[in-house]
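Summary of the model geometry
So the chains spell out like this:
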Amino acid sequence: MLSPEDVDLVAGLRKVSELMPGIAFDIVMETLPPESEREFGRILIALGETLSDRAERRGPPEQAIGGHGTTDSLGPR
């Protein structure tokens, strides 16, 4: 069963997923109002903090092969 925090996390991920096509289009077309861009940035920051906090609670970061920082399923940065 999901915790309330996990439910909020999933809801946030769904919200970003729904908003992303329109946001990306508006960024490319340069039609995204600054306030909308700031609000989307705040959503992404909050989601990133939630994901990072959740990962910290789940355990220590894995070491990348060769000891060059951490690794994750998203690939190199």
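About the cut-offs
- Residues numbered from 1 in each chain as written.
- Predicted model: local features only at pLDDT ≥ 70, side-chain atom pairs only at ≥ 80, totals over all residues.
- Heavy atoms only, no water.
- Core = buried A, V, L, I, M, F, W, Y, C linked by side-chain atoms within 4.5 Å.
- Buried < 20%, exposed > 50% of the residue type's maximum accessible area, 1.4 Å probe, protein only.
- Helix = DSSP H or I, 4+ residues; strand = E, 2+ residues; numbered from the N terminus.
- Contact = heavy atoms within 4.5 Å.
- Axes fitted to C-alpha atoms, helices over the stretch in contact; angles between N-to-C directions.
- Left-handed = near helix turned anticlockwise from the far one by under 90°.
- Nonpolar A, V, L, I, M, F, W, Y, C, P; charged D, E, K, R; others polar.

If you look the protein up in an unreviewed UniProt entry, it shows as FXSXX-COOH protein from Lentzea kristufekii.

1. Details of the nonpolar core
Membership of the largest hydrophobic core is limited to 7 residues, which are Leu9, Val16, Ile23, Leu32, Phe40, Ile43 and Leu47. Looking at this core, the elements that each hand over two or more residues are α1 (4-29) and α2 (34-58). Sequence-distant contacts of Val16, that is, excluding residues within four places in its chain, are made with Phe40, Ile43, Leu44 and Leu47.

2. Remarks on the packing of α1 against α2
Any two packed helices are characterised by the angle at which their axes cross and by the distance between the axes. At their nearest, the axes of α1 and α2 sit 10 Å apart, and the two run at 145° to each other. In this structure, α1 meets α2 at a crossing whose hand is left-handed. Packed against α1, whose contacting residues are Asp6, Leu9, Gly12, Leu13, Lys15, Val16, Leu19, Met20 and Ile23, the element α2 presents Phe40, Ile43, Leu44, Leu47, Thr50, Leu51 and Arg54 at the interface. The class makeup of the residues in the contact of α1 with α2 is 11 nonpolar, 2 polar and 3 charged.

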